[in-house]
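# An overview of the molecular structure
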Amino acid sequence: MKKLLVVGLMMSSFVFGQKKDSLLVENNADLFKTPVSKKPEPLSKKGQMFVFFGWNRAIFSNSDIRFSGNGYDFQLNNVTAQDRPTKFGIVYINPGWFTVVQYNFRAGYFIKDNLALVLGIDHMKYVMDQNQTVGFKGHISDPQYAAMVQNGQVNLADEKFLTFEHTDGLNYENLGLEKYQSLINKKNVDLVWSYGAGIGFMFPKSNVKLFGNERSDRFHVAGLGTDVRASLNLVLWDHVMVRLEGKAGYINMWDIKTTLNNKPDKAQQDFVFGQILAGIGYTFNTKKYK
């Protein structure tokens, strides 16, 4: 009986000793495990980037436009204008023709979690409505064009007095800050919204023909713009981005070139604009996350 008791104690000591040793081995193994990298949510972490290309529609408030040069200095009041969208077709997907349409480009970098610095190009088109009669204030020394002013108004319909547009285009080159917040986070589907503001310079190619002069058609830094914006971003498979964005802003251009010569001819205008845009993009990480 005593021998059986001694044998039983020895076996139990061996079994419990084995369990203890195995637990120590497991615990030590945990210390040497490589941390598993966890892929962060898109449009959320410092170091992430995205690029985007899309197309826009825009609206513009009425604008007072002042023209000045040798022999004239006058203002046209409450001038109306529209955008000029290109008819849908292959031009929207042909890289060689992308500047023909009203397009948008974005490149964003997250400088901290949920906050991105965004470089943008908004290529809008601004076309003065030709069939309108507007208020006139000022003087014109040329009797031919001065005679077109009747009772403080001028009719622009026949295009002899003025044609005026920024169609190559009303280019707003801007830098903005955008705050991002996740709304839906599924395995292959994320929905993220953002809001922010931007500021930049206006670099239009203005097509202007005033008083029968040769048409001015050249790129020129003409003024400044600022905006507020918000967007919804659908991200598929952590990378492919579909973006819908709305923005409103203010543009002030005080140096619009109106002739091709070196005379001091120029126009000035300011107005409020609204824009809605949509397109596709790609988001990616620039560093690894644990």
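Residues numbered from 1 in each chain as written. Predicted model: local features only at pLDDT ≥ 70, side-chain atom pairs only at ≥ 80, totals over all residues. Heavy atoms only, no water.

### Points about the overall build of the protein chain
Counted only if it meets this: Comment: elements are numbered from the N terminus, with helices defined as DSSP H or I runs of at least four residues and strands as E runs of at least two. Contact criterion: two residues are considered in contact whenever any of their non-hydrogen atoms come within 4.5 Å of each other.
Summing up its helical and strand segments, the protein chain has two helices and 16 strands in all. Across the protein chain, contacts joining residues at least 24 apart in sequence account for 70% of those joining residues at least 6 apart.

### Details of a nonpolar patch on the surface
Put simply, the rule is: Each patch groups residues whose relative accessible area exceeds 30% and which form no salt bridge, using 9 Å between like charges and 5 Å between nonpolar side chains of Val, Leu, Ile, Met, Phe, Trp and Tyr. Here the open area of atoms and residues is found with the Shrake-Rupley method and a 1.4 Å probe, where only the protein chains shown may cover a residue. By definition here, a salt bridge exists when the distance from a side-chain nitrogen of Lys or Arg to a carboxyl oxygen of Asp or Glu is within 4 Å. Using a 1.4 Å probe on the protein chains alone, a residue whose accessible area is under 20% of its type maximum counts as buried, one over 50% counts as exposed, and one in between counts as partly exposed.
Taken together, the side chains of Tyr 109, Ile 111, Leu 117, Leu 119, Leu 175 and Leu 177 define a hydrophobic patch exposed on the protein surface, amounting to about 500 Å² of accessible area. Secondary structure elements with two or more residues in the nonpolar patch: strand E5 (103-112), strand E6 (115-128) and strand E10 (162-185). Topologically, Leu 117 is positioned in strand E6. On the basis of relative accessibility, which here comes to 36%, the residue Leu 117 falls in the partly exposed class.

### Some thoughts on the environment of Lys 87
Within the secondary structure, Lys 87 sits in the loop between strand E4 (81-82) and E5. Considering only alpha carbons, one finds Lys 87 and Val 101, 14 residues apart in sequence, at a separation of 8.7 Å.

### Comments concerning unusual backbone geometry
In this structure, Gly 169 follows Asp 168 across a cis peptide bond, with omega equal to 5 degrees. Mapped onto the elements, Gly 169 comes out in strand E10. Even without being glycine, Glu 159 reaches a positive phi, approximately 70 degrees. Here Glu 159 shows up in the loop between strand E9 (153-155) and E10. You will see that Asp 238, though not glycine, has its phi angle at about 70 degrees, which is positive. One can find Asp 238 in the loop between strand E14 (223-236) and strand E15 (240-257). Asp 238 gets classed as buried once you look at its relative accessible area, which sits at 18%.

### Observations regarding the confidence of the model for the protein chain
The following threshold applies: For every residue, the predictor assigns a confidence score, pLDDT, that lies between 0 and 100.
On average, residues of the protein chain score 85 in pLDDT, and 80% of them are at 70 or above. Across residues 1-32, where pLDDT falls below 50, the model places zero contacts with residues more than four positions away in sequence or in other chains.

### Overview of the packing of aromatic side chains
To describe a pair of aromatic rings, one takes the distance between the centres and the angle between the planes. Rules: Two rings from Phe, Tyr or Trp (for Trp, the six-membered ring) form a pair when their centres sit within 6.5 Å of each other. Planes less than 30 degrees apart are called stacked, planes more than 60 degrees apart edge-to-face, and all others tilted.
A complete count under the given rule lists 21 aromatic pairs for this structure. Here the aromatic rings of Phe 74 and Phe 136 are separated by 5.2 Å at their centres, their planes lie at 25 degrees, and the arrangement is stacked. Of this pair, Phe 74 sits in strand E3 (residues 72-79) while Phe 136 sits in strand E7 (residues 133-140); the two residues are 62 residues apart in sequence, bridging distant segments of the chain. We note that Phe 74, like Phe 136, is buried.

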